[in-house]
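Structure at a glance
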Amino acid sequence: MFVKVCGLSTPESVREAVKAGADAVGFVLTASPRVVSPSQVSTLLADVPEGVLAVGVFRHEPVADAIAIARSAGLEWVQLHADLTPEDVTTVHDAGMKLIRAVTMAATADAFADWGEELLLIDAAVPGSGQAWDYASMVDVTALQDRKWLLAGGLDPDTVAHATAASGAWGVDVSSGVEVSRGVKDLAKIRAFVKAAKG
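Residues numbered from 1 in each chain as written. Predicted model: local features only at pLDDT ≥ 70, side-chain atom pairs only at ≥ 80, totals over all residues. Heavy atoms only, no water.

Here's the deal with the nonpolar core
Judged by nonpolar contacts, the single largest core of 54 residues is most densely connected at Val5, Phe27, Leu75, Leu80, Ile122, Leu151 and Phe193. Sorting elements by how many residues they give to this core places helix H3 (residues 63–73) first, with five residues. In this structure, Leu75 is in contact with Phe27, Leu29, Val41, Leu45, Ala54, Val55, Gly56, Ala70 and Met97, ignoring residues within four places of it in sequence. Grouped together as the second largest cluster of nonpolar side chains are ten residues, Trp77, Leu119, Leu121 and Leu150 included. (Core = buried A, V, L, I, M, F, W, Y, C linked by side-chain atoms within 4.5 Å. Buried < 20%, exposed > 50% of the residue type's maximum accessible area, 1.4 Å probe, protein only. Helix = DSSP H or I, 4+ residues; strand = E, 2+ residues; numbered from the N terminus. Contact = heavy atoms within 4.5 Å.)

Put into structure tokens, the structure is as follows:
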């Protein structure tokens, strides 16, 4: 099970996620209680070893702006929460970057299609809310068969195993589910989440 821990903002939380076995770490570079600056990300990357993906997360920024900000932070991966087009995916790739394309579970069927992104992320209807949703509804989405896709929204150490079993997801993405308060990560919850997801 591929695990991404998102919304990290301190060296301690990055180190804990990596030590716990996370496959990817996410840095929020858009308006959010979890926002960090490109220069902060550059510093935090010192604790991200080879083989762990470091991802810049954006919401509603123009694609070109997201690429420029991610590049200034030293990132090669972007996660975009926006109404994208297949042409936007090409723009990211033409810039030499890799993409996690985020959609909500309420998106139209077309949005679940493979547009060539490296990973598709499917979130709750209100992304970042930490709300659980009907994960099993993804099982019958034909476009997700034999695809690498990430499940997000309402996941925590107690729910992640059931959610992945119900949805058939290839991986998971967590942020609020491993926090002690909004934007503040709980190191014990990070450890517990990764263990539960991979267990």
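A look at the pairing of strand S7 (residues 149–152)
Side chains Trp149 and Leu151 project from S7 onto one buried face, and the interleaved Leu150 and Ala152 project onto a second face that is buried too. Note that strand S6 (residues 119–123) and S7 share three bridges and pair parallel. Bridge pairing in S7 links Leu120 to Trp149. Sheet analysis places S7 next to strand S8 (residues 171–174), joined by three bridges and oriented parallel. (Pairing = 2+ DSSP bridges.)

Structural notes on the layout of surface pockets
Roughly 280 Å³ of volume is contained in the second largest pocket. Forming the walls of the second largest pocket are 15 residues, and the residues nearest its centre are Ala82, Asp83, Ala102, Val103 and Thr104. Counting residues per element, the lining of the second largest pocket draws most heavily on strand S5 (residues 98–104), at four residues. (1 Å grid on protein atoms, 1.4 Å probe; cavity = no way out; pocket = protein on both sides within 12 Å on 5 of 7 lines; lining within 4 Å. Points joined across faces, edges and corners; volume = space filled by probe spheres on them.)

Brief notes about the packing of helix H1 (residues 11–20) against helix H6 (residues 187–198)
Two numbers describe a pair of packed helices, the interaxial angle and the distance between the axes. Where H1 contacts H6, the two axes come as close as 9 Å, and the packing angle between them is 25°. In terms of orientation, H1 and H6 fall into the roughly parallel class. In this structure, H1 crosses over H6, and the sense of that crossing is right-handed. Judged by residue contacts, Glu12, Ser13, Glu16, Ala17 and Ala20 of H1 engage Leu187, Ile190, Arg191 and Val194 from H6. Split by residue class, the contact of H1 with H6 holds five nonpolar, one polar and three charged. (Axes fitted to C-alpha atoms, helices over the stretch in contact; angles between N-to-C directions. Parallel < 35°, antiparallel > 145°, perpendicular 65-115°, else oblique. Left-handed = near helix turned anticlockwise from the far one by under 90°. Nonpolar A, V, L, I, M, F, W, Y, C, P; charged D, E, K, R; others polar.)

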